[in-house]
There are 2 protein chains.
Amino acid sequence: MRLFDGGRAPNPRRVRIFLAEKGIAVPLVPVDMGALGHKGEELTARNPLQRLPVLELDDGTVLTESVAICRYFEELHPEPALFGRGALGKALVEMWQRRIELNFYLPVSFAFRHTHPAMKDWEVPQLPEWGEMNRPKAVEFMKILDTHLASHEFAAGEDFSIADITGLVALDFTKPARIAIPEELENVQRWYRALKARPSAGA
Amino acid sequence: MRLFDGGRAPNPRRVRIFLAEKGIAVPLVPVDMGALGHKGEELTARNPLQRLPVLELDDGTVLTESVAICRYFEELHPEPALFGRGALGKALVEMWQRRIELNFYLPVSFAFRHTHPAMKDWEVPQLPEWGEMNRPKAVEFMKILDTHLASHEFAAGEDFSIADITGLVALDFTKPARIAIPEELENVQRWYRALKARPSAGA
C-alpha cells in the first residue's frame, strides 16, 4: 500500500492528520503539486480527476477522495473512532463533517482559488467576483459554529472526529484565502487553538 | 420521529429515495420551500443553516444533511446495505458518492441557482457567469463517469448504493439547470434509465 501525497494542500493533509491520530504509518509517495505533478501521467492513470491524495493498495486498487481514504482506515483500525460511535454518533459526525466541508472549507477554497495570484494557472479561468462572494459565506458559517461550540468541546460533540480535522485544515486555509477569523468568535478561537496544539496538526 | 421534507428539491428527495429503497416509513412534515418555509422560525430553530431535510428524533435531537440522515437509517436498518459492505466496499461507496456530489451534483446546482430566473430570490446575488462556468464542468465529469460505467453496473460497483441516489437526483436536476446529457455517453444513459426505472425513483 502507498499514499500519493500532495504536501501542504489541505486534502492530502486531512489524510495525514487522520493517520497520525490513528497511529498508522503508510509509505508516502510525494507528488510536487507546485510542478503540477498531480496532472501528470502517473497520477492521471490512477485518478482521472487529477486530484490528490490517492491511495493505492497492493493489488493495484485505487482509492481517492480524502474522506473515503480515511473511512477505509477507520474500518480497518476502528480505534480511536474518528467517524463516531453508534447510529446517532456516526450520523452527527457525518452531519458536522459535511456542514464544515460544504459551508466553510468549500467557500474558503473558492476564495483562495479564485482570487489568489498563485492560483491563476490552476483555476482557469479565475472568477474573482465568485471568490469575493465566498468570504462572507465562510464568516457566516463561523458564527453558527461559534454558537454550537459554546456547548460542545469538539465539532460533533465531546469526542474529536474527522469533522474537527476538516475544520482544522479549513481554518488554516483561511490565511492564504485572506479571510480573517473574527476575534469575537471566542469558541471558534478556543477550538482552533486546541486543534493546532494536537501533535497530529504537524502531520 | 418526523422528517421535515422539502418536496421536489434534490436533497429532501435523496432521503425519500433512500427510505424507499430501505422500505422504511417515516412521518413527513411537508415544508413549502416555494413560500420559503425553510427560512421560517420553525425550521431555523432546528437548522440555523435553513436547509432541508431535517430529521427530528422523539427526544428532540435534530439531524440535518441528507447523507447524515441516510447514514443514521443505515446504522439502524443495515439491509439492504446502501453504504457498502466491508472496508473497501464502504470506502468505494464513499468515494463515488463524494465524486458525484462534488464534481457533478454541485456544478449542476450552481448552474441552476446562478442562472435560473426562479432562483433570483434564493441565491442572492446570482452570478450568471459562475453558473455558466459550471455547465462544462458537469459535462466533463459525465464523460469520466461514462468510462467508469462501461465496466460497472452501478456507480460504486455491482451493487446499488447511495452514490447512485446522488447520481439520480443530479441527473434529474440537469433539466432545470439546462445541461444536456450527451447522447453519446451510452453508459451514463443506460445507468440513468435503470435508476429512473426503480420504484424508489418516484419517492
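Quick caveat: nothing in here was measured; it's all calculated off a predicted structure. (Residues numbered from 1 in each chain as written. Chains lettered and ligands numbered in written order. Predicted model: local features only at pLDDT ≥ 70, side-chain atom pairs only at ≥ 80, totals over all residues. Heavy atoms only, no water.)

It is worth spelling out the sheet that holds strand β2 (residues 28-30) of chain B at this point. All names here are of chain B. One open sheet accounts for four strands, arranged β2-β1-β3-β4; its pairing is mixed. The open sheet is flanked by β2 and β4 (62-64), the only strands paired with a single partner. Mean inter-strand twist for the sheet, computed between neighbouring axes without regard to direction, equals 25°. In this sheet, β2 lies alongside strand β1 (residues 2-5) in parallel orientation, the contact comprising three bridges. In the strand pairing of β2, Phe4 is matched with Val29. (Pairing = 2+ DSSP bridges. Helix = DSSP H or I, 4+ residues; strand = E, 2+ residues; numbered from the N terminus. Axes fitted to C-alpha atoms, helices over the stretch in contact; angles between N-to-C directions.)

This part is about the nonpolar core. Within the largest apolar cluster, 115 residues are counted, with the highest numbers of intra-cluster contacts made by Leu55(A), Phe104(A), Trp191(A), Leu55(B), Phe104(B) and Trp191(B). With 12 residues, helix α4 (residues 86-115) of chain B is the largest single contributor of residues to this core. In this structure Phe104(B) touches Arg99(B), Ala138(B), Phe141(B), Met142(B), Gly167(B), Ala170(B), Leu171(B) and Thr174(B), once residues within four positions along its chain are discounted. Judged by nonpolar contacts, the second largest core, of 10 residues, contains Leu106(A), Phe110(A), Leu127(B) and Trp130(B). (Core = buried A, V, L, I, M, F, W, Y, C linked by side-chain atoms within 4.5 Å. Buried < 20%, exposed > 50% of the residue type's maximum accessible area, 1.4 Å probe, protein only. Contact = heavy atoms within 4.5 Å.)

All names here are of chain A. Splitting chain A by domain gives domain 1 (2-76) and domain 2 (86-202). The centre of domain 1, based on its C-alpha atoms, is set 21 Å off from the matching centre of domain 2. Taken residue by residue, the interface counts 15 residues in domain 1 and 16 residues in domain 2. Counting the surface lost from both domain 1 and domain 2, the interface buries some 1,400 Å², and carbon and sulfur atoms represent 62% of this. When the area that domain 1 buries against domain 2 is broken down by residue, the three leading residues are Arg13, Arg14 and Glu21, summing to 42%. Here domain 1 is connected to domain 2 by four salt bridges. In this structure, Arg13 and Asp172 form a salt bridge, with 2.8 Å as the shortest nitrogen-oxygen distance. (Domains from an automatic or database assignment. Buried area = accessible area lost by both parts, 1.4 Å probe. Salt bridge = Lys/Arg side-chain N within 4 Å of Asp/Glu carboxyl O.)

Residues and elements named next belong to chain A. Close contact between helix α4 (residues 86-115) and helix α5 (residues 128-149) brings their axes to 7 Å; oriented N to C, the two are set at 150°. Classified by the interaxial angle, the pair formed by α4 and α5 is roughly antiparallel. Every pair of crossing elements has a handedness; the one defined by α4 and α5 is left-handed. Residue-level contacts link Trp96, Arg99, Ile100, Asn103, Phe104, Pro107, Val108, Phe110, Ala111, His114 and Thr115 of α4 to Pro128, Trp130, Gly131, Glu132, Asn134, Arg135, Lys137, Ala138, Phe141, Met142, Leu145 and His148 of α5. Considered class by class, the residues forming the contact of α4 with α5 number 13 nonpolar, six polar and four charged. (Parallel < 35°, antiparallel > 145°, perpendicular 65-115°, else oblique. Left-handed = near helix turned anticlockwise from the far one by under 90°. Nonpolar A, V, L, I, M, F, W, Y, C, P; charged D, E, K, R; others polar.)

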